[in-house]
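Breakdown of the fold
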Amino acid sequence: MHWHDTRSWPKSLSNALQKPQIAAPPADEATRLTKLGENLLRGGKHGEAATVFERAETLGGFRQFANFAFCYLALGRPDSALAVCDRGLVGAPGDSSDLHRLRGDALASLKRKAEAREAYRRAVATTDYAYTAAESLLLPLLSDPDGTHLLAACEELPAAYANCTVVRGFRAIALSRLGRTEEAKMLVDLDRYVGQFSFEPPVEFGGIERFNALLATEILLNPTLHYIEAYGFHRAEHLDVKEARAFPVLAKFLQTTIENFIAEFPRRGLDAILPPAPMEGYLKTAGNVVRGKESHHSHLHKFAYVSGVYHVTVPTQDGAEARGGSLVIGACDDFTGGYAPCWGSRDIRPKPGVATLLPSHIFHSVVPTNSTQPRIAVPFDLGMVIPHQR
Ligand SMILES: [Fe+2]
């Protein structure tokens, strides 16, 4: 496995955002405004970023239509977002899949559902990697008790999506809904497909407890840690800050552990259902801090191949909250109207110092701790390198 260094890449806010494409010539007013808009967007200042992008567009050579549209969507202005997408699709050559997807989001907000679906279809037809658009096509079908439409929608996607992470996860639910239990359990086996690996830090850290205490401090003091509305808890998106001592050591362990997990695929039967492991990838991490009634709803990691979570600190339980803070693997009830799939679910009590790994298509969630103490975890992915990230 060749691991790419994510520090050398642009720090995108999320997979939802377009990578910067700065138009020549550099260092002019349009470029300065575009960079300013990107920085404002990175800081969550959508209104100010939109104002700056508006000005930059008037100066010519503007390419950041996706980021511009994203701002308007975040501001609850889908009409404006739609107009930006339309201008971008006419005026900015290159990868248009993000613009089609954001156009779909704007149309969906405007309750123009058929047009939204068509926009998402264009996004997936434009590239082999429009996983967010693919998810947007499949998501509305998850709560249909009859899995027929969901399965058909999975199969109608372009061939490149046939065994991608998001389609594999959604197909498993469709098969379960249809009573095709054996096929569904082939895709989601909560005993065989979940691995746990303990970390032993280098001796200079003075043991796992002191290592985790240092890592917890690094996460709690991380400059990117803030409350994220979409998650419903505090999260730091970039742990590889200059001052970090524990995180780089943990990152090495996570890379090795991912490689070891992949080496176990034949024994676990995962080689039969996953595409071959990528030859190159990158380690994507974050720091999740949940307290009290905060939870993490059911989700899968659609841009990843293998995912996992390293538990850093766990509140001391008071006995009344037996499931508090548990990682629940297999549950997808948040998106399926409470549907319990045929593979069941598995509670994993978080243990500091242990990494739990699973293929990225398996849904999972986190139960609230109901504790004032933080539950700190480092979710991680083997992210696949897709062409526009190079
Ligand atoms: Fe996750």
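Residues numbered from 1 in each chain as written. Predicted model: local features only at pLDDT ≥ 70, side-chain atom pairs only at ≥ 80, totals over all residues.

**Here we look at helix H3 (residues 65–74)**
Summarising burial for H3: 9 of the 10 residues are buried, a large majority. Residues of H3 that are buried sit in contact with helix H1 (29–42), helix H2 (46–58), helix H4 (78–91) and helix H5 (97–109). (Buried ≥ 20, exposed ≤ 12 C-beta atoms within 10 Å, placed from the backbone. Helix = DSSP H or I, 4+ residues; strand = E, 2+ residues; numbered from the N terminus. Contact = placed C-beta atoms within 7 Å.)

**Observations concerning the pairing of strand E13 (residues 375–384)**
Along a regular strand, successive side chains alternate from one face of the sheet to the other. For E13, the tally of buried residues reaches 10 of 10 residues, placing the bulk of the element in the interior. Burial of the side chains of E13 extends over both faces: Arg-375, Ala-377, Pro-379, Asp-381 and Gly-383 are buried on one face and Ile-376, Val-378, Phe-380, Leu-382 and Met-384 on the other. Relative to E13, strand E5 (residues 280–285) runs antiparallel, the two being bridged by 5 bridges. The partner of Lys-284 across the bridge, within E13, is Asp-381. As defined by bridge partners, strand E8 (residues 304–313) adjoins E13 across 8 bridges and the pair is classed as antiparallel. (Pairing = 2+ DSSP bridges.)

**Considering the sheet that holds strand E10 (residues 346–348)**
Note on sheets: strands pair through backbone hydrogen bonds, and any given pair is parallel or antiparallel. With antiparallel pairing, 4 strands are arranged side by side in an open sheet as E7-E12-E9-E10. Where the open sheet ends on each side, the last strands, each with one partner, are strand E7 (296–299) and E10. Across the sheet, the mean angle from the axis of one strand to that of its neighbour is 15°, orientation sign disregarded. In this sheet, strand E12 (residues 364–366) lies alongside strand E9 (residues 327–329) in antiparallel orientation, the contact comprising 3 bridges. Its bridge partner being in E12, Ile-329 is matched across the sheet by His-364. (Axes fitted to C-alpha atoms, helices over the stretch in contact; angles between N-to-C directions.)

**Examining the nonpolar core**
The tendency in soluble globular proteins is for nonpolar side chains to be buried as a group. Counting residues in each nonpolar core, the largest one holds 101 residues, and the members touching the most others are Ala-69, Ala-81, Cys-85, Leu-102, Ala-134 and Tyr-310. Per element, the largest residue contribution to this core is 8 residues, and it comes from H3. Looking at which domains feed residues into this core, each of domain 1 (2–127) and domain 2 (195–389) gives three or more. Residue contacts for Ala-81: discarding those within four places in its chain leaves Ala-69, Tyr-72, Leu-73, Leu-102 and Ala-106. (Core = buried A, V, L, I, M, F, W, Y, C linked by C-beta atoms within 7 Å. Domains from an automatic or database assignment.)

**Let's talk about the packing of H5 against helix H7 (residues 131–138)**
Where H5 meets H7, the axes come as close as 9 Å, and the angle between the chain directions of the two elements is 30°. Judged on the interaxial angle alone, H7 and H5 are roughly parallel. Read as a crossing pair, H5 and H7 show a hand that is left-handed. Residues Ser-97, His-100, Arg-101 and Gly-104 of H5 form the contact with H7, whose own contacting residues are Thr-132, Ala-133 and Ser-136. Of the residues in the contact of H5 with H7, the class split is 1 nonpolar, 5 polar and 1 charged. (Parallel < 35°, antiparallel > 145°, perpendicular 65-115°, else oblique. Left-handed = near helix turned anticlockwise from the far one by under 90°. Nonpolar A, V, L, I, M, F, W, Y, C, P; charged D, E, K, R; others polar.)

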